[in-house]
Amino acid sequence: MQEVFYEESASLLNEKPAKFRYNLLTIVGVICILSAVFAIIMIWMAFSVPVNEEDMQSFVLKDFLLSLLPLFILFVLMVVGAVLLFKKRHSVYVSYDYTFVTGELRICKVIHNRKRKLLYRLSDERLIKIGRVGSESYKKLKASPDNKEDILTPNEEAAEGKEIFYIQASTNVGKKILVLECRQQMISTILRYMNKNILESEFNRR
């Protein structure tokens, strides 16, 4: 059988605000890192200051450590803040690539138009049902506790010429409802090479 290759992307409809948020989170994250470095330097300097014999007589370790407590707290907060901010920025400026090669669906997350991360690689036997988001079949699947939904589009509304579809699939971590933004041609291409009928019953009633 001839191999079939079909690919689509779901990109941000309004990219400018997302890019701004990405850059803002990056800048604030860098500031947090610099603040953490500052706190470490101040703590190191405090331990490095020479103490004469007269000061040693009145030196109390507990009081000394308490005086450094604000710097320790600043260091911890800035490190945690930097980690959260750098992690958060990867969710504000993303797009998704969907690729179907005969017998397999691959879904990748693209961060800042640079870094690609493979999310799903599903053989045809793992695909259970396909339909439109908002249909009765979709609502029933979403209501089931056995299915976890994963939104794989950066947009709430589909771009011109595209629709929001779902694919129920069996993954390594259980059943998932994968929400995709693509043309109906992609759905037709997947169905054409399936050896079973997985299209929801109401799909063609529109």
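Throughout this description, residue numbers start from 1 for each chain and increase along the sequence as written. pLDDT decides what is reported in this predicted model: residues at 70 or higher carry local features, side-chain atom pairs at 80 or more are listed and counted, and totals for whole chains, interfaces and linings draw on all residues regardless. Neither water nor hydrogens contribute to the side-chain values; these are computed over all heavy atoms in the structure.

Undergrad: Just to check I follow, could you spell out the side chain of Asp 97 for this structure?
TA: Numbering of helices and strands runs from the N terminus, with a helix taken as a DSSP run of H or I at least four residues long and a strand as a DSSP run of E at least two residues long. With respect to the helices and strands, the residue Asp 97 is situated in strand S2 (residues 94-101). The cut-offs for exposure are 20% and 50% of the maximum accessible area for each residue type, with area from a 1.4 Å probe on protein chains only; residues under the lower value are buried, those over the upper are exposed, and the others partly exposed. We classify Asp 97 as buried; its relative accessible area is 9%. There is a polar contact of 2.3 Å between the side chain of Asp 97 and the side chain of Arg 116. Not counting chain neighbours up to four residues away, the residues in contact with Asp 97 comprise Glu 7, Glu 8, Ser 9, Arg 106, Ile 107, Cys 108, Val 110 and Arg 116. Residues adjacent in sequence count toward polar contacts only when both atoms are side-chain atoms; beyond that, a polar contact is any pair of N or O atoms within 3.5 Å, and within protein one must be able to donate a hydrogen and the other to accept it. The contact rule is simple, with two residues in contact once any of their heavy atoms fall within 4.5 Å.

Undergrad: Whenever I open this one, the packing of aromatic side chains confuses me. Can you help?
TA: What characterises a pair of aromatic rings is the spacing of the ring centres plus the angle enclosed by the ring planes. In this scheme Phe, Tyr and Trp rings, the latter by its six-membered ring, pair at centre separations within 6.5 Å, and the angle between planes marks the pair as stacked below 30 degrees, edge-to-face above 60, and tilted otherwise. Throughout the structure, instances matching the rule amount to three aromatic pairs. Charge-over-ring placement is defined geometrically: NZ (Lys) or CZ (Arg) within 6 Å of the ring centre, and within 35 degrees of the ring normal. Lying across the ring of Phe 203, Arg 132 places its NZ or CZ 4.1 Å from the centre.

Undergrad: It is not clear to me how the pattern of salt bridges should be interpreted in this structure. Could you clarify?
TA: When charged atoms on two side chains of opposite charge get close, those side chains can pair. In the sections that follow, a salt bridge refers to a side-chain nitrogen of Lys or Arg positioned within 4 Å of a carboxyl oxygen of Asp or Glu. Scanning the model with the defined rule gives seven salt bridges in all. Put simply, Asp 97 and Arg 116 hold a salt bridge, and the shortest N to O gap is 2.3 Å. On the criterion of sequence distance, the pair formed by Asp 97 in strand S2 and Arg 116 in strand S4 (residues 115-123) is long-range, its members being 19 residues apart. For Arg 116, a relative accessible area of 47% puts it in the partly exposed group. In this structure, Lys 139 engages Glu 136 in a salt bridge whose closest nitrogen and oxygen atoms are separated by 3.7 Å. Of this pair, Lys 139 and Glu 136 both sit in helix H4 (residues 136-143), separated by three residues, roughly a single helical turn. One salt-bridge network, in which partners are shared between bridges, spans Glu 104, Arg 106 and Arg 121.

Undergrad: What's the story with the side chain of Glu 8 in this structure? I'm lost.
TA: Looking at the secondary structure, you find Glu 8 in strand S1 (residues 5-10). Among the polar contacts listed, one links the side chain of Glu 8 to the backbone nitrogen of Arg 183, at a separation of 3.1 Å.

Undergrad: Would you explain the pairing of strand S3 (residues 104-111) in this entry?
TA: Moving residue by residue along a regular strand, the side chains alternate between the two faces of the sheet. The buried fraction of S3 amounts to seven of the eight residues, a majority that puts the element mostly inside the structure. Pairing between strands requires that DSSP locate at least two bridges from one strand to the other. The antiparallel hairpin formed by S2 and S3 contains two residues in its connecting segment, where Gly 103 sits at a positive phi of about 90°. Pairing geometry for S3 and S4, over eight bridges, is antiparallel. Looking at S4, one finds that Ile 111 is bridged to Lys 115.

Undergrad: Please explain the nonpolar core as it appears in this structure.
TA: In a soluble, globular protein the nonpolar side chains are often hidden away together inside. Counting residues in hydrophobic clusters, the biggest one holds 26 residues, and the most contacted among them are Tyr 98, Ile 107, Leu 127, Leu 152, Leu 178, Met 186 and Ile 190. By residue number, the principal contributor to this core is S2, which donates four residues. Dropping the residues within four chain positions of it, Ile 107 is found in contact with Asp 97, Tyr 98, Lys 117, Leu 118, Leu 119, Tyr 120, Leu 152, Leu 178 and Leu 180. By convention a nonpolar core is built from buried Ala, Val, Leu, Ile, Met, Phe, Trp, Tyr and Cys residues, the set being connected through side-chain atoms within 4.5 Å. With 10 residues, the next largest nonpolar core counts Ala 18, Leu 25, Ala 36 and Val 92 among its residues.

Undergrad: Any chance you could explain the sheet that holds strand S7 (residues 163-171) here in plain terms?
TA: What holds strands together in a sheet is hydrogen bonding between their backbones, with the strands either parallel or antiparallel. The mixed open sheet is built from four strands, whose spatial order is S5-S7-S8-S6. Strand pairing shows two members of the sheet lacking a second neighbour, strand S5 (127-132) and strand S6 (147-151), which therefore form its edges. Across the sheet, the axes of successive neighbouring strands diverge by a mean angle of 20°, strand direction being ignored. Bridging between S5 and S7 involves five bridges; their strand directions are antiparallel. Paired with Gly 131 across the bridge in S7 is Tyr 166. The sheet strands contacting H4 are S5, S6, S7 and strand S8 (174-182), and the helix crosses S7 at an angle near 40°. In this analysis, axes come from line fits to C-alpha atoms, helices being fitted only over the stretch in contact, and the angle between any two N-to-C directions falls in the range 0 to 180 degrees.

Undergrad: How do you make sense of the sheet that holds S3 when you look at a structure like this?
TA: Taking strand neighbours across the sheet as the criterion, the four strands line up as S1-S2-S3-S4 in an open arrangement whose pairing is antiparallel. Bordering the open sheet on either side are S1 and S4, each of which pairs with just one other strand. With direction set aside, neighbouring strand axes in the sheet form an average angle of 15°. Here S2 runs beside S3; their pairing, made up of eight bridges, is antiparallel. Across the sheet, residue Tyr 98 finds its bridge partner in S3, namely Ile 107. Across the sheet, helix H5 (residues 184-192) touches S1, S2 and S3, and the angle it forms with S2 is around 35°.

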